[in-house]
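Report on the structure
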Amino acid sequence: MGLGYIGLPLAAVLACSGYEVLGFDIKTDVLRSIESGEMQGLESPLGPMVSDAIRRRALVLCDSVPHAEIYILAVPTPLKKKHQVDLSCVEKAVDSVAPRLRPGNLVVIESTVPVGTTEEMSRRIIELRPDLVREGKSLIFVAHCPERVLPGRVLDEMVGVDRVIGGVDAGSTRAAGDFYATFVRGSIHRTEARTAEMCKLVENASRDVSIAFANELSMLCDRMGIDATVLIHLANQHPRVNIMDPGPGAGGHCIPVDPWFLVQSEPLETRLIRTARRVNERKTAWLLKRIEETISHFEKPVIACLGLAYKPGVSDLRESPAVSIVNSLCSQNNCDIRIVEPHITDLPPVLAGSACCRLVTVEEAIAEASVFALLTRHDSFEGIQARLPDGKVFIDPNGVVSSGSRKFSMEVVS
Ligand code: SAJ
């Protein structure tokens, strides 16, 4: 249920593991693009795996909810306004599965959800299907098995990484655990539903807090005239210190979203988690300001924005700090922008209509731009600073402004 970033790779993995897989998505255009092999953003080798599974009819695409024995929900759980989670896709999926359920079926929620959701969805099923209760006990198994894959390594991690599985009762935990053990090489850790839900949220919140520490250090170092990259490298020589890399902010569809599920549930006991979110958001605004300060010293600057993806090595633009920076430069500053993003062929809709930005190659950017802002540290940008002719200015994600090997204070940039 849901053939997106998680559902489709999972369908392919299951189809390759000997299961008969029925893939359903509410969006018919998604089904059409999968059928025709034109799905966007699927990591290699998942595209051929999906096409092969369809050809062998190990994966059958369905435009209505089919009857099955195991239902896996991999639908979005985005944020609404004021950082409240929108569970409507999970609720709709549960409502559409409920009429199909038969005793002994298993329903697994892979979507990231606030603590208590799996139990709530189990109750919802029973309300819709009171006939599936015998002697006060549900005949349906319901469990949470949060996805843990790292974009960029989806296939490896889908089968290789340990899974945490929590059912609404012991039977559900057993049924879901036994099922995942048939295709996951990593260990299966069994717990109950609320702990599994919390575990997923805590994993991403923990990473967000660590990234916030690195980002705060980069802004602090800037104030104190210390090179953050050197500092972090030196601090990490300590055997028990492991500071992450500062960047333009934390992007993607998970790290900037999931911590809010915890804040929403317990606002008074999530001060650190909320502050980390704010620090990472501030880093993006801070870097934008640094770019704006720099270009204010030029009469008609052409700015090369290097990278749009939310992190190195991927084409994914969701919640990307780079997109937000470019968008602000376009809309508020009316800048003349060249975007270099080797992982995409078209600009996203939010930028495509804008007359002020164009997607170009590195060579075109070097020829045309005067100011370069490194927004995503793709490998292909390694060493680009050294290729810039004299007089061109380079800004890194730590806000360090330099020309060639020389670093500038704001006063000297002009
Ligand atoms: N980032 C930094 N500095 C770093 C590492 C990352 O600024 O040292 C930034 C990235 O550039 C990016 C953001 O953080 O903008 C998030 O990237 P990421 O690689 O940390 O994480 P995601 O969002 O790609 O995937 C995370 C993973 N969670 C954890 O590692 C705990 C993945 O395992 C989850 O499955 C995924 O979220 C998810 O779907 O929840």
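Everything in this summary refers to the structure shown in the same document. Please read these numbers as outputs of a predicted model, since none were measured by experiment. (Residues numbered from 1 in each chain as written. Predicted model: local features only at pLDDT ≥ 70, side-chain atom pairs only at ≥ 80, totals over all residues. Heavy atoms only, no water.)

Overall, the coordinates contain four aromatic pairs when judged by the stated rule. Taking 5.1 Å as the distance between ring centres and 70° as the angle between the ring planes, the aromatic pair formed by F179 and Y180 counts as edge-to-face. The same class applies to F179 as to Y180, namely buried. For the ring pair F179 and F183, a centre distance of 5.4 Å and an interplane angle of 55° mean the geometry is tilted. For the pair shown, F179 and F183 are each scored as buried. Through a chain of ring-to-ring contacts, the aromatic side chains of Y19, F179, Y180 and F183 assemble into a single cluster. Here the guanidinium or amino end of R318 rests over the ring plane of Y5, the centre of that ring lying 3.4 Å away. (Phe/Tyr/Trp six-rings, centres within 6.5 Å; stacked < 30°, edge-to-face > 60°. Buried < 20%, exposed > 50% of the residue type's maximum accessible area, 1.4 Å probe, protein only. Lys NZ or Arg CZ within 6 Å of the ring centre and 35° of its normal.)

Using the criterion set out here, one finds 20 salt bridges in the structure. With a shortest N-O distance of 3.2 Å, R56 and D52 are connected by a salt bridge. By relative accessible area, D52 is classed as partly exposed at 26%. The partner of R358 in a salt bridge is E368, with the nearest N and O atoms 3.2 Å apart. Taken together, the residues span a long stretch of sequence, with R358 in strand 12 (residues 357-359) and E368 in helix 14 (residues 362-368) at a distance of 10 residues. On the basis of relative accessible area, R358 is assigned to the partly exposed category, the value being 42%. One network of salt bridges, in which partners are shared, links D208, R277, R278 and E281. (Salt bridge = Lys/Arg side-chain N within 4 Å of Asp/Glu carboxyl O. Helix = DSSP H or I, 4+ residues; strand = E, 2+ residues; numbered from the N terminus.)

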